[in-house]
Amino acid sequence: MTMNTQGRPTTPVSGTQPHEAETVSGSKGLYQFEPLIFETDRWGKTGVDLPKAKRKASRMGGVERKAKVDLPGLSEPETIRHYVRLSQRNYAIDLGLFPLGSCTMKHNPRLNEKMARLPGFSDIHPMQPQATVQGALGLIEELADWLKTLTGMPAVSMSPKAGAHGELCGMLAIRQALLARGEADTRKRVLVPASAHGTNPATAAQCGFIVDEIDADKRGRVHMSHLREKLEKTDDIAGIMLTNPNTCGLFETDIKEIADLIHEAGGYFYCDGANFNAIVGRVRPGDLGVDAMHINLHKTFSTPHGGGGPGSGPTVLSDALAPYAPVPFILKDENGFRLVEETEEEASESFGRMTAFHGQMGMFVRALTYMLSHGADGLKQVAEDAVLNANYIQARLKSVMTPAFDGYCMHEALFSDKFTADGIETIDIAKALIDEGYHPMTMYFPLVVHGALLIEPTETESKAELDRFCDALQAIAAKAAAGDESLKGAPYHAPMRRLDETQAARKPVLKWTPPSPEQIAAE
Ligand SMILES: *Cc1c(COP(=O)(O)O)cnc(C)c1O
């Protein structure tokens with residue numbers, strides 16, 4: 001078999017099953033075989049036809065590139081086909097249910113897209129005079145108002161560009177507040193529950209804090225006596241980073257007491273708001289004693305994730321932290337809206353700037369469209385239906401799988417791998433789900449549950465879709481319980497079979513290297 005420089009076969013491996021039979025082209029039915037773009041490269045080929053430049057003296061002062069640029073040479077149709085073929089290998093929310101827990105993969109309404117493409121929003125530039133973009137600034141302010149109202153918080157910073165970036169915003173505000181109190185050097189400890197998303201400890205560490213883990217109790221919530229003990233023993237608490245509902249899909253029932261304890265100890269309460277979808281319209285984090293919380297617009301407020309568009313993570317702040325918010329922010333005076341861009345005057349206590357401009361305009365338009373189309377009552381129903389759907393999944397699957405904790409869940413159903421026979425692991429179930437046409441659920445997270453399988457359907461799935469998904473997962477779970485060895489070979493139907501994930505994580509090959517002349521000769 002010929003391998004390319006990535007160690008990937010240059011033609012697909014034929015299998016023993018009829019559906020794995022080899023074809024001459026490498027394609028199988030509508031599945032198109034596609035090599036790397038660099039492997040199709042023919043130097044000199046191009047999709048554009050520019051007139052030859054008239055030789056002019058270089059104005060580059062001798063620093064111009066002499067070597068080949070090394071971009072692949074392809075015609076326009078070849079280029080388009082390359083990307084369309086790749087795109088058809090993607091799983092997408094527009095293709096099927098996307099059960100990734102903690103990610104809130106809900107449908108992205110087309111109305112959002114239509115509004116975001118209005119020229120008054122899509123054709124403007126952040127460097128344009130502010131007098132010419134009053135409508136856009138007004139939209140950011142209106143969205144900010146909705147976010148403050150829904151969370152019951154007095155201030156919001158709109159510029160962070162993802163949930164993790166919003167965490168950074170909140171923790172930098174906390175650090176700045178401690179600096180202003182003259183306690184930045186003495187308050188270094190940030191408490192983080194064992195079930196936390198990895199970004200929480202990473203953010204705290206990035207801001208120079210020491211991460212101190214708190215245990216989960218048997219109910220999957222913060223271990224209160226462990227927390228109290230920790231607070232008694234230490235006098236250097238900067239704050240806590242807590243997700244609610246937490247990453248076990250459970251509401252932290254002691255949250256008010258946790259907030260009080262942290263405040264009494266002189267610290268701040270950062271709430272990870274990634275799971276806000278479960279409580280939007282029903283619970284206001286401001287009423288729970290939160291000091292800072294990011295909101296992932298791509299989770300709760302239906303803007304696209306990842307490849308579908310940039311993220312956005314506005315961060316709401318309490319009165320205690322609001323003065324330290326980053327620039328720019330918007331103020332309204334008799335001349336209309338204006339961006340405060342420098343850390344002086346009204347922003348003299350600000351910790352500085354996190355982004356070049358004001359944030360993700362396109363996502364702001366989408367999120368506000370979503371809010372306006374749902375209204376306050378509709379958003380409340382979002383939370384109720386999201387929780388209902390997750391509990392439906394838990395109820396349908398609990399006879400064959402093991403729920404990690406007793407009782408109802410919030411917006412996601414968490415199972416442990418207890419139900420599997422010896423030798424069958426969570427990853428085998430995930431791979432079998434690919435054969436059934438589904439993206440796998442979140443697995444091995446949160447870490448406090450052995451072999452975790454975390455499933456979040458969101459409110460946008462119909463009962464029929466949920467049933468289809470549960471039928472597939474129930475059948476796989478029954479095989480897992482029976483120790484069916486065929487699961488170890490899944491996926492059977494995917495373009496790529498089981499990959500060496502350890503090797504991929506430890507020694508990722510991220511750069512294409514052209515084959516040597518000997519390799520080419522050998523082919
Ligand atoms: C998604 C998520 C984050 C990070 O958000 P990004 O927008 O992906 O940066 C943080 N915490 C939790 C619990 C999450 O689910």
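Residues numbered from 1 in each chain as written. Predicted model: local features only at pLDDT ≥ 70, side-chain atom pairs only at ≥ 80, totals over all residues. Heavy atoms only, no water.

**Describing the nonpolar core**
A general trend in soluble globular proteins is that nonpolar side chains are found buried together.
Here is step 1: Core analysis: the largest hydrophobic core is formed by 56 residues, its most contacted members being L143, L227 and F301.
Here is step 2: When contributions to this core are tallied by element, the ones reaching two or more residues are α5 (134–151), α8 (224–233), β4 (237–243), α9 (255–264), β5 (268–272), β9 (336–340) and α10 (361–397).
Here is step 3: If you tally residues by element for this core, the top one is α10, at eleven residues.
Here is step 4: Looking at which domains feed residues into this core, each of domain 1 (111–370) and domain 2 (376–497) gives three or more.
Here is step 5: Ignoring sequence-local partners within four residues, the contact set of F301 consists of L147, L150, F276, V280, I295, N296, A367, Y370, M371 and L379.
Here is step 6: L97, A390, L466 and F469 belong to the second largest nonpolar core, which has 27 residues in total. (Core = buried A, V, L, I, M, F, W, Y, C linked by side-chain atoms within 4.5 Å. Buried < 20%, exposed > 50% of the residue type's maximum accessible area, 1.4 Å probe, protein only. Helix = DSSP H or I, 4+ residues; strand = E, 2+ residues; numbered from the N terminus. Domains from an automatic or database assignment. Contact = heavy atoms within 4.5 Å.)

**Focus on the site of the ligand**
Here is step 1: Near the ligand you find 13 residues, and of these S102, G163, D272, H298 and K299 are the closest.
Here is step 2: Between the ligand and the protein, one listed contact pairs an oxygen atom with a side-chain N or O atom of S102 at 2.7 Å.
Here is step 3: Residue contributions to the shell around the ligand peak at three residues, all from helix α6 (residues 163–180).
Here is step 4: Residue composition of the shell around the ligand, grouped by class: three nonpolar, seven polar and three charged. (Near = heavy atom within 4 Å. Polar contact = N/O pair within 3.5 Å; in protein donor to acceptor, adjacent residues only side chain to side chain. Nonpolar A, V, L, I, M, F, W, Y, C, P; charged D, E, K, R; others polar.)

**Structural notes on the UniProt feature "domain: Glycine dehydrogenase C-terminal" (unreviewed entry) in the protein chain**
Here is step 1: Summarizing the sequence annotation, UniProt attributes the feature "domain: Glycine dehydrogenase C-terminal" (unreviewed entry) to residues 384–481 in the numbering used throughout.
Here is step 2: Between the C-alpha atoms that bound residues 384–481 there is a distance of 32 Å. The span itself is 44% helix and 11% strand. (UniProt positions renumbered as here; feature names shortened; annotations may be inferred.)

**Some words on the packing of aromatic side chains**
Here is step 1: Applying the stated criterion across every chain, the model contains four aromatic pairs.
Here is step 2: Measuring from centroid to centroid gives 5.2 Å for Y91 and F98, while their planes differ by 75 degrees, and the two rings are edge-to-face.
Here is step 3: Residue classification places Y91 among the partly exposed positions, given a relative accessible area of 22%.
Here is step 4: One Lys or Arg, K332, reaches over the ring of F337 and ends 5.4 Å from the middle of that ring. (Phe/Tyr/Trp six-rings, centres within 6.5 Å; stacked < 30°, edge-to-face > 60°. Lys NZ or Arg CZ within 6 Å of the ring centre and 35° of its normal.)

**Some thoughts on empty space enclosed by the protein**
Here is step 1: Here the structure, examined in full by the defined rule, presents four cavities of 30 Å³ or more.
Here is step 2: Taken together, C248, L250, Q394, P403, A404, F405, D406, G407, Y408, C409 and L414 make up the lining of the largest cavity.
Here is step 3: Residue classes in the lining of the largest cavity are distributed as eight nonpolar, two polar and one charged. (1 Å grid on protein atoms, 1.4 Å probe; cavity = no way out; pocket = protein on both sides within 12 Å on 5 of 7 lines; lining within 4 Å. Points joined across faces, edges and corners; volume = space filled by probe spheres on them.)

**Section: the packing of α5 against α10**
Here is step 1: Their axes nearest at 10 Å, the elements α5 and α10 cross at an angle of 45 degrees. Taken together, the axis directions place α5 and α10 in an arrangement best described as oblique. Crossing of α5 against α10: the hand is left-handed. Here A136, L139, I140, E142, L143, W146, L147 and L150 of α5 come into contact with α10, specifically with M361, F364, V365, A367, L368, M371, L372, G375, A376 and L379.
Here is step 2: Here the contact of α5 with α10 is built from residues that sort into 16 nonpolar, one polar and one charged. (Axes fitted to C-alpha atoms, helices over the stretch in contact; angles between N-to-C directions. Parallel < 35°, antiparallel > 145°, perpendicular 65-115°, else oblique. Left-handed = near helix turned anticlockwise from the far one by under 90°.)

**Quick notes on the sheet that holds strand β2 (residues 189–193)**
Here is step 1: Taken in spatial order, the seven strands make up an open sheet running β1-β7-β6-β5-β4-β2-β3, and their pairing is mixed. This sheet does not close on itself; its edge strands, each paired only once, are β1 (155–157) and β3 (210–214). Between one strand axis and the next, the sheet turns by 25 degrees as a mean value, whatever way the strands run.
Here is step 2: Judged from the five bridges that link them, β4 and β5 form a sheet pairing that is parallel. What sits directly across from G239, in β5, is Y268.
Here is step 3: Contacts from α5 reach β1, β6 (292–294) and β7 (315–317), with the element oriented near 125 degrees to β1. (Pairing = 2+ DSSP bridges.)

**Considering the sheet that holds strand β13 (residues 453–455)**
Here is step 1: Strand order in this open sheet of four strands is β10-β11-β13-β12, and the pairing throughout is antiparallel. Sheet topology places β10 (402–403) and β12 (442–443) at the edges, where each strand pairs with a single neighbour.
Here is step 2: As judged from the two bridges shared by β10 and strand β11 (residues 413–416), these two strands associate in the antiparallel manner. Paired with P403 across the strands is F415, a residue of β11.
Here is step 3: Relative to β11, α10 is tilted by about 30 degrees, and along the sheet it contacts β11 and β13.

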